[in-house]
Amino acid sequence: MSLTVTRDFGARQVGVVDTAHVPGSETVMRMLERSFNVSTRYGGGFVKSIDGLQGSGSRQDWFYYVNGVQAPQGAATTAVHRGDRIWWDLHVWTATNSIPAVVGSFPEPFLHGAGGRRLPTTLECAADVQTACKRVTSELTAARVPVASQLLGTGSGPDTLGVVVGTWNEVKAEVAGGLIAHGPSASGVYARFAGSDGQELQLLNTGGQVARTLGADSGLIAATADSSSEPTWLITGTDPAGVAAAAAALTPSALHDHFALAVQDGARLPVPLTPAP
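Worth saying up front: this structure is predicted, and the values here are computed from it rather than measured. (Residues numbered from 1 in each chain as written. Predicted model: local features only at pLDDT ≥ 70, side-chain atom pairs only at ≥ 80, totals over all residues. Heavy atoms only, no water.)

Taken in spatial order, the three strands line up as E12-E13-E14 in an open sheet, and their pairing is antiparallel. The open sheet is flanked by strand E12 (191–194) and strand E14 (210–214), the only strands paired with a single partner. Ignoring strand direction, the axes of neighbouring strands in this sheet form an average angle of 25°. Pairing of E12 with strand E13 (residues 200–204), which is carried by four bridges, proceeds in the antiparallel orientation. What sits directly across from Ala191, in E13, is Leu203. (Pairing = 2+ DSSP bridges. Helix = DSSP H or I, 4+ residues; strand = E, 2+ residues; numbered from the N terminus. Axes fitted to C-alpha atoms, helices over the stretch in contact; angles between N-to-C directions.)

And the structure:
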């Protein structure tokens, strides 16, 4: 079990705590308070500051994720289970105040699921990205995650984690693709594809504006969800080469503490793009 505290969408680390023991009545708030100097508000249920770092009037607050999934309730009432990865991040929410899922706790949520319950994982792959699909399957298998393969467009179901592999032109019709196409306010993902066939990948800054545009051979690893289902991960790109580059970056070290990750020509670009310190 681990507790990570960062700021600016994971760009700057505040502290990390690892522990093998989980008390029977452990909550996210108690775990945080034992390791960091914490001030709270709203009756102690929500975090105001951690080690002196606090939000501001410019729409900046603490948010937390359990196994890469945004928690639906306050930290004081969220139980911690063995193997959970708790991640607190202080960031602005001018573009969206909801980021349903992040990729920076991989191999979570596939390994331990949510609420102490492991969820089944389904994998959907387009026909022309089989090498990338095998790479994704291999990485999940290495993480001891059983995977059920099915046809692209089948859907993962409300109680199943989905992984979709294909070019943007192939996956944009998926529910997760539609959320990303509507921007951060719908998906929590600070990237989008442009062009008639998705041949450009636009990376957004923390305010939701386009900060950089990638062309051919660029890929994206991102996770999102709607209100009625578990997260879906997209391993996608402008073309099959971009999908292959994204699949190659599906590792714990490459995704560590990133909300989403774009790749091109060997470069890894966490999104949203944040200003240099």
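Having put the structure on the table, let's press on.
In this section: the pattern of salt bridges. Oppositely charged side chains may form a pair once their charged atoms are brought near each other. Within this structure, the stated rule accounts for four salt bridges. Of the charged contacts in the structure, one is a salt bridge between Arg41 and Asp61, with a shortest N-O distance of 2.6 Å. Residue Arg41 is located in strand E3 (residues 38–41), and its partner Asp61 is located in strand E6 (residues 60–66); the two are separated by 20 residues in the primary sequence. Residue class for Arg41 comes out partly exposed when judged on its relative accessible area of 31%. Judged by its relative accessible area of 17%, Asp61 is buried. Salt bridges here are not isolated pairs; linked through shared partners, they connect Arg7, Asp8 and Arg12. (Salt bridge = Lys/Arg side-chain N within 4 Å of Asp/Glu carboxyl O. Buried < 20%, exposed > 50% of the residue type's maximum accessible area, 1.4 Å probe, protein only.)

Take helix H6 (residues 240–248) next. Working note: α-helix, 3.6 residues per turn, so residues spaced by three or four point in the same direction. Turning to H6, its buried residues are Gly242, Val243, Ala246 and Ala247. One side of H6 carries all its buried residues, which in axial view fall inside an arc of 140°. Lining the buried residues of H6 we find helix H2 (130–142), strand E11 (161–167), strand E15 (218–224), strand E16 (232–237) and strand E17 (260–264). (Arc of directions from axis to C-beta. Contact = heavy atoms within 4.5 Å.)

A few words on the packing of aromatic side chains. Inspection of every chain in the model, using the stated rule, returns ten aromatic pairs. When the ring of Phe106 is compared with that of Trp233, the centres are 5.7 Å apart and the planes differ by 50°; the resulting orientation is tilted. You can see Phe106 sitting in the loop between strand E8 (85–92) and strand E9 (121–125) and its partner Trp233 sitting in strand E16, a full 127 residues away along the chain. Comparing Phe106 with Trp233 shows no difference in burial state: the two are buried. Members of the aromatic cluster, each reached through a chain of ring pairs, are Phe9, Tyr65, Trp87, Tyr190 and Phe259. (Phe/Tyr/Trp six-rings, centres within 6.5 Å; stacked < 30°, edge-to-face > 60°.)

This brings us to the pairing of E9. Of all the five residues making up E9, five are buried; the element is thus mostly covered by neighbouring parts of the structure. By the alternation rule, side chains of E9 split into Thr121, Leu123 and Cys125 and Thr122 and Glu124, which are all buried. As judged from the five bridges shared by E9 and strand E10 (residues 147–151), these two strands associate in the parallel manner. Residue pairing for E10: Leu123 is matched across the bridge by Ser149. Following the backbone out of E9, through H2 and into the adjacent parallel E10, one traces a crossover that is right-handed. Sheet topology note: the E9/E11 ladder contains five bridges and is parallel. (Right-handed = clockwise from strand over helix to strand, strands pointing away.)

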